[in-house]
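Geometric and topological summary
So you can see what is in the structure, the chains are spelled out below.
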Amino acid sequence: GRHGPLAGARVVVTAGPTREPIDPIRFISNHSSGRMGYALAEAARDAGAQVTLITGPTERQLPFEVEVVHVQTAAEMAEAVQAAVETADALIMCAAVADYRPSRVAPEKIKKTEEQLSLPLERTIDILASVQRPGLVKVGFAAETERLLEHGRAKLEAKRLDLLVANDARETMGREESQAYLLTAEREPEALPRLPKTVLAEIIVDRVARLVRARRAT
Ligand code: C5P
């Protein structure tokens, strides 16, 4: 068996970007590298948890002793998360899920013309907000380019999270390090120093372990 503060716990981590197809050869995506999510999966595993990593396409090496589910779109990620959280103690939603997708996927390659081209987009499902299993510890991330704490607080409440990790999108995406704030409903925001994502992951996992323990004690 496993040892550590998350021994006996099941943790679901999402990581990386999603890809929303435009036509058979094109998609909409973002700069997420998966680094933070993969670090979280490894930190949770090292803390003794049984980990499911649900990942969009990334260049990262797959972690050992972690169940990995590969997805492409937000809809696929939503389905995988819904299935995985049924038996989980915590969901750490680190993936940079696309907020919009093309309303219609063209069945053939879209040919260029001299005209301007517009693509109608529709909202994707908000996975984190839609997961409502009682007792599940929910952790979200917010990457913002302005008014970080204000937007972070709003997300914590709207998505009913136990913990929100807020950071500056320009400073964190694709980088090795991150300067994050930890937000909870009860306390003032906690500013962490600039840290390697592997170290930040250990701190977040430690908080998750405390939240899981507190939940189990009630
Ligand atoms: O609202 P916003 O996208 O900024 O919130 C970010 C948080 O919500 C992240 O934890 C992200 O993984 C999650 N999210 C989600 N489904 C979406 C968009 C974001 O679960 N469609």
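Here's a quick rundown of the structure. In this text the structure is predicted, and so the values were computed from the model without any measurement.

Cut-off values and rules
- Going along each chain's sequence as written, the residues are numbered from 1 onward.
- Whole-chain, interface and lining totals are the exception, using all residues; otherwise, since this is a predicted model, local features are given only for residues with pLDDT of at least 70 and side-chain atom pairs are given and counted only at 80 or more.
- Excluding hydrogens and water, the side-chain values take into account all heavy atoms of the structure.
- Under the scheme used here, helices are H or I runs from DSSP no shorter than 4 residues and strands are E runs no shorter than 2 residues, and both carry numbers assigned from the N terminus.
- Here a residue-residue contact requires only that any non-hydrogen atoms of the pair lie within 4.5 Å.
- Each polar contact in these results corresponds to two N or O atoms within 3.5 Å; when the atoms are within protein, one needs to be able to donate a hydrogen and the other to accept it, and residues that are neighboring in sequence are counted only if both atoms are side-chain atoms.
- Any Lys or Arg side-chain nitrogen located within 4 Å of an Asp or Glu carboxyl oxygen qualifies as a salt bridge.
- Accessibility here uses a 1.4 Å probe with only protein chains present; expressed as a share of the type maximum, an area under 20% marks a residue as buried, one over 50% as exposed, and anything in between as partly exposed.
- Residues are labelled near a given molecule or strand when at least one of their non-hydrogen atoms is within 4 Å of it.
- The method behind every accessible area is Shrake-Rupley, applied with a 1.4 Å probe, and residues are considered shielded solely by the protein chains displayed.
- When residues are sorted by character, Ala, Val, Leu, Ile, Met, Phe, Trp, Tyr, Cys and Pro go into the nonpolar class, Asp, Glu, Lys and Arg into the charged class, and all the rest, Gly among them, into the polar class.

A word on the environment of Ser29. In this fold, Ser29 is placed in the loop between β3 (26-28) and α1 (35-46). Not counting the four nearest positions on each side in its chain, Ser29 is found in contact with Pro17, Thr18 and Arg19. Within the structure, Ser29 has its side chain in polar contact with the backbone oxygen of Thr18 (distance 2.9 Å).

Any two side chains of opposite charge can pair, on the condition that their charged atoms come close. Inspection of the entire model under this criterion finds 14 salt bridges. Between Asp89 and Arg216 there is a salt bridge, and its shortest N-O distance comes to 3.3 Å. Here Arg216 lies in helix α6 (residues 197-217) and Asp89 lies in the loop between α2 (74-85) and β6 (90-93), a separation of 127 residues in the sequence. With a relative accessible area of 18%, Asp89 lands in the buried category. Each of Glu171, Glu177 and Arg194 takes part in a single network of salt bridges with overlapping partners.

Residues in close proximity to the ligand total 13 residues, the closest being Met93, Ala95, Ile125, Leu128 and Lys155. One of the backbone N or O atoms of Ile127 is found 3.0 Å from a nitrogen atom in the ligand. The contact in question runs from an oxygen atom of the ligand to an N or O atom on the side chain of Lys159, over 2.9 Å. Look at the ligand: alone it shows 440 Å² of surface, and the protein chains cover 87% of it. Elements with a minimum of two residues in the shell around the ligand: α3 (127-130) and β9 (137-144). Here the residues of the shell around the ligand sort into seven nonpolar, two polar and four charged.

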